[in-house]
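Analysis of the macromolecular model
Below are the chains, spelled out letter by letter.
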Amino acid sequence: MAEPPRQLPLDLPHEAALSREDYLVGSSNRAAFELLERWPDWPSPVAVLAGPVGSGKTHLVRAFQDETGAAVIAAKDLREADVETLAMAPAAIVEDAHRGVDDTALFHLLNASRQAGRTVLITSRTWPASWNIALPDLLSRLRAATPVEIQEPDDDLLRRVLVKLFADRQISVDIGVVDYLVVRMERSLEVAMRAVEAIDREALAGRVGITKPLVGRVLENVHKGA
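In this report, the structure presented in the accompanying data block is examined. (Residues numbered from 1 in each chain as written. Predicted model: local features only at pLDDT ≥ 70, side-chain atom pairs only at ≥ 80, totals over all residues. Heavy atoms only, no water.)

Bringing the pattern of salt bridges into the picture now. Taken as a whole, this structure holds nine salt bridges when the rule is applied. Among the salt bridges present, the one from Lys76 reaches Asp77, with a minimum N-O distance of 3.5 Å. Residue classification places Lys76 among the partly exposed residues on the basis of a relative accessible area of 47%. Residue class for Asp77 comes out partly exposed when judged on its relative accessible area of 39%. Between Arg169 and Asp200 there is a salt bridge, with the nearest N and O atoms lying 3.0 Å from each other. With a gap of 31 residues between them, Arg169 in the loop between helix H6 (155-168) and helix H7 (175-182) and Asp200 in helix H8 (residues 189-206) connect regions that are remote in the sequence. (Salt bridge = Lys/Arg side-chain N within 4 Å of Asp/Glu carboxyl O. Buried < 20%, exposed > 50% of the residue type's maximum accessible area, 1.4 Å probe, protein only. Helix = DSSP H or I, 4+ residues; strand = E, 2+ residues; numbered from the N terminus.)

Spelled out as structure tokens, the structure:
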């Protein structure tokens, strides 16, 4: 029997909901969420947010930026010329410090922000001890920072994230299919996003509904491409 014709799926834009109200809280990210909710009443003016790739740091940072008007810069792009502007924003966010950062520029930013009564949020996949910081004074500042960690999502959070990702694409999926996906996929929000996108494309291309067999086939390819 000939296979039914496949439809070429179009890359239609869809809005990922990244507001504070759309951020799903579970045991793995509650401490980070609650710290940012307390802003600017932090234990120290600097916080280091660490978590693995796909743990939801980006969503949390974007929600924090929207709520506070914080200025954002990638750690690898931070220069001393940026310090004054960043220090005068309501808060400064330095992203992905594990990729490398100019020690002197970061040290001056922390000092300038403290003098201005502002806060700095630094995100990373790892803790400062692994950033190859050569400036002792900067290490001292970072040791005094408030550490907060986002861990890999548990089953409950992953299930709710998958439902949200499908809803972002205006797709209603049987909860049995979601449960099937949860127990077979890697514990990563990044993998969840890739899986939902691939499942949507495969269902559109084959003009079929989203079923467990389809999810199983797609998930195998997603894991191979990880």
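All right, on to the sheet that holds strand S2 (residues 71-74) then. Strands sit in the order S2-S3-S4-S1-S5 across an open sheet of five strands; the sheet is parallel. Among the strands making up the open sheet, the edge pair consists of S2 and strand S5 (146-149). With direction set aside, neighbouring strand axes in the sheet form an average angle of 20°. For strand S1 (residues 46-50) and strand S4 (residues 119-124), the ladder comprises five bridges, and the chain directions are parallel. What sits directly across from Leu49, in S4, is Thr123. Taken strand by strand, helix H1 (residues 30-37) contacts S1, S4 and S5, and its axis lies near 135° from that of S5. Sheet strands touched by helix H2 (residues 57-68): S1, S2, strand S3 (91-95) and S4. Its angle to S3, the strand with the most contacts, is close to 160°. (Pairing = 2+ DSSP bridges. Axes fitted to C-alpha atoms, helices over the stretch in contact; angles between N-to-C directions. Contact = heavy atoms within 4.5 Å.)

Take the packing of H6 against H8 next. Remark: H6 packs on H8, axes separated minimally by 10 Å, with the N-to-C direction vectors making an angle of 40°. Here H8 runs oblique to H6, going by the angle between their axes. In the crossing of H6 with H8, the sense of the turn from one axis to the other is right-handed. Across from Leu158, Val161, Leu162, Leu165 and Phe166 in H6, the residues of H8 making contact are Leu189, Ala192, Met193, Val196 and Ile199. Tallied by class, residues from the contact of H6 with H8 come to ten nonpolar, no polar and no charged. (Parallel < 35°, antiparallel > 145°, perpendicular 65-115°, else oblique. Left-handed = near helix turned anticlockwise from the far one by under 90°. Nonpolar A, V, L, I, M, F, W, Y, C, P; charged D, E, K, R; others polar.)

Two residues of an α-helix separated by three or four positions point the same way, owing to the 3.6 residues in each turn. For H6, spanning 14 residues, the distance from its first C-alpha to its last is 20 Å, which sits close to the expected 20 Å at 1.5 Å a residue. When we look at burial in H6, the residues that qualify are Leu157, Leu158, Val161, Leu162, Lys164, Leu165, Phe166 and Asp168. The inward-facing, buried residues of H6 contact H2, H7 and H8. Phi for Gln170, located one or two positions after H6, is positive at around 60°. (Expected span 1.5 Å × (residues − 1).)

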